[in-house]
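Summary of structural features
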Amino acid sequence: MTGRQERGRSGTVSPPETEGFEGADLFPPAQEAPWHRGRGHPTSEGPSEGVLSGDAPEGPLVRPYTMTRGRTRPCGSGPRLDLITIVVAARGRQEQVAEPEREAILRLCGRPISVAEISARLDIPLTVVRVILGDLLADGDIRTRAAVPVTQLPDKKVLQAVLDGIRRL
Amino acid sequence: MASADFETTTHGQEPIPQAVKIIIAGGFGAGKTTMVGSVSEIAPLSTEEVMTEASCGVDDLGGLEDKSTTTVAMDFGRITVSPEVVLYLFGTPGQNRFWFMWDELAEGALGAVVLADTRRLDTCFHAVDFFERRGVPFVVAVNRFEGSTAYRTEEVREALDVPEEVPIVLADARDRESSRDVLVELVTHVIRGRSPALSG
């Protein structure tokens, strides 16, 4: 963990009703990932404290698209996978998945999680995550809920929920 | 409409929460990540988008290694506002050469906060222009930095040339309550702007 990551809200307590969605501590430690984990900055504002520029590899050690067998877009006719499309693993999935990335994604999706979070937590670029999610969706391993389409802004009820939620901060 | 609140396509399964997003924009170093971090329930995360020249999905690796790629990092945080609704806060990529990511960020966004740094007010001109043109409701938050001259919001309004109806507030991005107040101001502004359409 870097200093910047520790700076979060670890001391605050979530309302009990949101516990089902709160799962940051359930995620597997970063170093377990069998693939290369990014360049060492937790945020784009720059390298985290303690990370020297010399520590960071010049580029990914695993070319991202080898995970997708060269595909740069999700297959076929699936729904659009926005940054904040929420993904959850389909219930009753039994079989073992061969690819470690697919398995890691399915583990994360035990609770509802956004596409952007999957990308960040596994340190796999968004484009690559989208392709793998497209495969999982096609195989019936996950369910998704798309973000509100651009033409149809969030309804009043959602806005009110957001306002109430922010006020409770 | 109740039907819009839950995903109902898969019956017998638990509903999936609805996600909404707010954009935190501003120049490099204006405090975007700081603001995200001060209100987020998780430590800010960064996700990378790799842009390649390969424009269509092909099952062919041949030549891909020669295509130029650009990596853009976006910082974000999360606030679970209710069991049904999750709010994501996305900081825009700071450098101007990443403008192409703004379209994706703005799509479906509830609204935006433009963080203004009074030491370099011009760095947020682009953001103001962008949200005005896209019709994304926004508020301007003047981030107070130590050593910066105290400006009145009206001076900032004049410098940025934003209309009266756009709220301008003073803020401290490091402070949780202050950042919360900015978000409250924004969402109130969004609801206010949508009320005529909803009632008529």
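The name an unreviewed UniProt entry gives chain B is Signal recognition particle receptor subunit beta, with Nocardiopsis algeriensis as the organism. As stated in UniProt under Sequence similarities (unreviewed entry), the record for chain B gives "Belongs to the GPN-loop GTPase family."

Looking at an unreviewed UniProt entry, chain A carries the name DUF742 domain-containing protein, with the source organism given as Nocardiopsis algeriensis.

Considerations on helix α1 (residues 32-39) of chain B
Most of α1(B) sits inside the fold, with 8 of its 8 residues counted as buried. All buried positions along α1(B) are accounted for by B:K32, B:T33, B:T34, B:M35, B:V36, B:G37, B:S38 and B:V39.

Focus: the pairing of strand β6 (residues 138-143) of chain B
Residue and element names in this part refer to chain B. The element β6 is largely enclosed, with a buried count of 6 among its 6 residues. Burial along β6 is two-sided: the residues F138, V140 and V142 and V139, A141 and N143 are all buried. As paired strands, strand β5 (residues 111-117) and β6 are joined by 6 bridges and run parallel to one another. What sits directly across from V113, in β6, is V139. Crossover handedness for the path β5 to helix α3 (residues 125-134) to β6: right-handed.

Considering helix α5 (residues 156-167) of chain A
Residues and elements named next belong to chain A. Its 12 residues give α5 an end-to-end C-alpha distance of 16 Å, which sits within 8% of 16 Å, the value for a rise of 1.5 Å per residue. Within α5 the residues assigned to the buried category are V158, L159, A161, V162, G165 and I166. Here the buried residues of α5 occupy an arc of 160 degrees about the axis, which is enough to place them on one side.

Quick notes on the environment of B:E177
Residues and elements named next belong to chain B. With respect to the element layout, E177 can be found in helix α5 (residues 176-199). Accessibility expressed as a C-beta count within 10 Å gives 10 for E177, which makes it exposed. Distance from E177 to V39, taken between C-alpha atoms, is 8.2 Å for residues 138 residues apart in sequence.

Criteria and thresholds
Residues numbered from 1 in each chain as written. Chains lettered and ligands numbered in written order. Predicted model: local features only at pLDDT ≥ 70, side-chain atom pairs only at ≥ 80, totals over all residues. UniProt positions renumbered as here; feature names shortened; annotations may be inferred. Buried ≥ 20, exposed ≤ 12 C-beta atoms within 10 Å, placed from the backbone. Helix = DSSP H or I, 4+ residues; strand = E, 2+ residues; numbered from the N terminus. Pairing = 2+ DSSP bridges. Right-handed = clockwise from strand over helix to strand, strands pointing away. Expected span 1.5 Å × (residues − 1). Arc of directions from axis to C-beta.

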